[in-house]
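Listed below are the residues making up each chain.
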Amino acid sequence: MRKLSIMIFALCTLSFSALAQVTVEFSGNVQGDVKHVVVLVDDLDTLNGAAAVLDAETNGQLFKALKAQSFKTEVGSAAILFGIGNYDRVVVLGSAVESPMNAVDLQNLGGKIAKQIGVDLKEQNIVVHVDGLNTEHADAAAHIAYGYELQNYRFEKYKSDKKQSPGTLTFISAGVNEAESTYNNDLKFLAEGIYMTRDLASEPGKTIYPQAFVDAVKKKFKGIKNIDIDVLTLRDMKKNNMGALMGVGQGSIHEPKMLVIEYKGADNDDAPIALAGKGITFDTGGISLKRNSGMWAMKSDMSGAAAVAGTLYAVASRKENVNLVGLMPLAENMPAEDAIRPGDVLPTMKGTSIEIISTDAEGRLILADAVYYAQQEFKPRMLVNIATLTGSAARALSDEYAVVITRDWDLSVDMMGVGERSGEAVWPLPLHPNHFEQIKSDIADIKNSGAGNPGASIGAAVIGTFVDEDMTWVHLDIAGVDWITDVTDTVPKGSSGWGVRFMDQLVRDKK
Ligand code: BES
Ligand code: MN
Ligand code: ZN
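Computed from a predicted model, the values in this text were never measured in an experiment.

*Asks:* How should I be thinking about the nonpolar core in this particular structure?
*Replies:* Across soluble globular proteins, nonpolar side chains have a tendency to be buried as a group. Of all hydrophobic cores here, the largest spans 91 residues; its most connected members are F171, L200, F213 and M415. For this core, the domains that each give at least three residues are domain 1 (23-174) and domain 2 (192-510). In this view, M415 contacts M382, V404, V426, V474, F502, L506 and K510; residues no more than four positions away in its chain are not counted. Among the nonpolar cores identified, the runner-up in size contains 50 residues, and Y372, V403, A460 and V462 belong to it.

Encoded structure:
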């Protein structure tokens, strides 16, 4: 019987797409017969490094082909050449830059390489020559490989005809040890964390509901050291009086949960950094039902929680010297006879009552109880919450920036720096005393939405009501960046996994 239930568990739990599709290797020199090669060119008239070798080896065919198409050498230009020497395919990328390439520049270059190669590797061995770069990173090849992996992601689980096929990518560079160490002990885990986040966010609401999210994430964390996982059930929520979280979940046949993952990588008495992510496994709007157009996209309304899980996975796997706790309130927002109604009043763990103006403003409700619980239970030194919270944030900043809202400007500026270093940019919006005025309720302590504008700030004010005034608190609204329609270097179409890179960088900077 026990065996049977384990088998059923294994069958029911979702599995994640693996990086393993592509084998990444680092080496100082080429071995064996190579048919597919990538070279970087920063100066066409004086070819350097591998490009020069390849040109000599093919009696000047490389130079001729590039010259004939007036190849530009700046980063961003690319050419695919066939029939050069004995090679089946030579991919050339420009690598000339104005100023030295930082980690994110290198990662973007890796993404550009992936775009040229495509996901169908046909089991082949592709050699990427990393040389002649203007960068101070001895481990440049690792950053390029990481960027490659980020671009190489596809969610093809439900496709009969899968485009991705396995192959080997060998990066040839000078700093082999540096690259191997950075990739295998660090960046590989980030890529894996981002893959998990994207998988969870891409998965339909039918298969990802609160318990399914918990099971899938738990499975992924098996074997990782210094991890404690706790799942709050309805019973625990009742005990804590988490009326907001329970209220949002009550119209669904799937019970709400709160997944709490603690990573202890530093001294026991070091206060942790807390990350709380919105985990609405599907957002219909509830009784304040959303309109049909685009509602399918609300399957990714748990992107915040998924990013928290992905970040914890990366930080714990690379054994960062920090204490980190992730809180993922999970609920499905459904219209039903027992769902909450507009006009209802919900109690919260903090004791502040909330009048429901719109059941579609549900993310702030589950986060209200989550951030309060985070402070009570873990006394963090910093609290970050991340959520696909408002259409307003998406309209204001679109794809380029996630919204960051804090109580003090210096912290927001600080966060813009974290964004630049991580490759996931943020831009501040304000939090004004009037925003708190706007959410005063006639019959309860506060209401869950104001008169309308400014939506992103109002949402932050609701959550902020449950955050101590003197807490270092960062609110991230990712409604505009979590799902991408225009491919970037490091994000293919679909779920971006936004937040893993940002929060991982924040942990590096604040540890
Ligand atoms: N999950 C949505 C926000 C959202 C919108 C995310 C578009 C991604 C893309 C959120 O729960 C919501 O419905 N927000 C409302 C709040 C309003 C009712 C105060 C919104 O932004 O319209
Ligand atoms: Mn909603
Ligand atoms: Zn929502």
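*Asks:* Honestly, the site of ligand 1 in this entry has me stumped. Any pointers?
*Replies:* Taken together, 16 residues sit near ligand 1, with K290, D301, D360, E362 and G391 positioned nearest. Between an oxygen atom of ligand 1 and a side-chain N or O atom of K290, the distance comes to 2.8 Å. Between ligand 1 and E362 there is a distance of 2.9 Å, counted from an oxygen atom to a side-chain nitrogen or oxygen. Burial of ligand 1 by the protein chains amounts to 74% of its free accessible area of 520 Å². Among the residues forming the shell around ligand 1, the class breakdown is four nonpolar, five polar and seven charged.

*Asks:* What is the right way to look at the domain arrangement of the protein chain in this model?
*Replies:* One widely used convention gives an interface's size as the accessible area the parts lose upon coming together. Taken as a whole, the protein chain is organised into domain 1 (23-174) and domain 2 (192-510). Taken over C-alpha atoms, the centre of domain 1 sits 38 Å from the centre of domain 2. Facing the 17 residues of domain 1 at the interface are 19 residues of domain 2. In total, about 1500 Å² of surface goes out of reach between domain 1 and domain 2, with carbon and sulfur atoms giving 51% of it. Sorting the residues of domain 1 by area buried against domain 2 places L150, Y153 and F155 first, and these three jointly supply 43% of that buried surface. Taken together, the links from domain 1 to domain 2 amount to three salt bridges. The partner of K157 in a salt bridge is E203, and the shortest N-O contact between them spans 2.9 Å. Joining domain 1 to domain 2, the criterion identifies ten residue pairs in polar contact (both at pLDDT 80 or more). Breaking the side of domain 1 that touches domain 2 down by element, the ones donating at least two residues are α4 (103-117) and α5 (140-151). When residues in the side of domain 1 that touches domain 2 are grouped by element, the largest group, six residues, is from α4. When grouped by side-chain class, the residues that make up the side of domain 1 that touches domain 2 number six nonpolar, six polar and five charged.

*Asks:* Looking at this structure, how should I read the coordination of the zinc ion (ligand 3)?
*Replies:* In an ideal tetrahedron of four donors about a metal, each angle is 109.5 degrees. In an ideal octahedron of six donors, the angles are 90 or 180 degrees. At 2.0 to 2.4 Å from the zinc ion (ligand 3) lie its protein donor atoms, namely K278 (NZ), D283 (OD), D301 (OD) and E362 (OE). Each of the six donor atoms bound to the zinc ion (ligand 3) contributes to angles spanning 78 to 173°, and the resulting shape is octahedral. Linear spacing of the donor residues for the zinc ion (ligand 3) on their chain is K-x4-D-x17-D-x60-E. Distance-wise, the manganese ion (ligand 2) is placed 3.2 Å from the zinc ion (ligand 3), both being coordinated by D283. With D301 in the loop between β10 (279-283) and α10 (303-317) and E362 in the loop between β13 (354-355) and α11 (363-378), this pair connects stretches of sequence that are 61 residues apart. Since its relative accessible area comes to 2%, D301 is described here as buried.

Calculation notes
Residues numbered from 1 in each chain as written. Chains lettered and ligands numbered in written order. Predicted model: local features only at pLDDT ≥ 70, side-chain atom pairs only at ≥ 80, totals over all residues. Heavy atoms only, no water. Core = buried A, V, L, I, M, F, W, Y, C linked by side-chain atoms within 4.5 Å. Buried < 20%, exposed > 50% of the residue type's maximum accessible area, 1.4 Å probe, protein only. Domains from an automatic or database assignment. Contact = heavy atoms within 4.5 Å. Near = heavy atom within 4 Å. Polar contact = N/O pair within 3.5 Å; in protein donor to acceptor, adjacent residues only side chain to side chain. Areas by Shrake-Rupley, 256 points an atom, 1.4 Å probe, with all protein chains shown as cover. Nonpolar A, V, L, I, M, F, W, Y, C, P; charged D, E, K, R; others polar. Buried area = accessible area lost by both parts, 1.4 Å probe. Salt bridge = Lys/Arg side-chain N within 4 Å of Asp/Glu carboxyl O. Helix = DSSP H or I, 4+ residues; strand = E, 2+ residues; numbered from the N terminus. Donors = N, O, S within 2.8 Å, 3.2 Å for Na, K, Ca; no water. Tetrahedral: all angles 85-135°; square planar, octahedral: opposite > 155°, others 65-115°.

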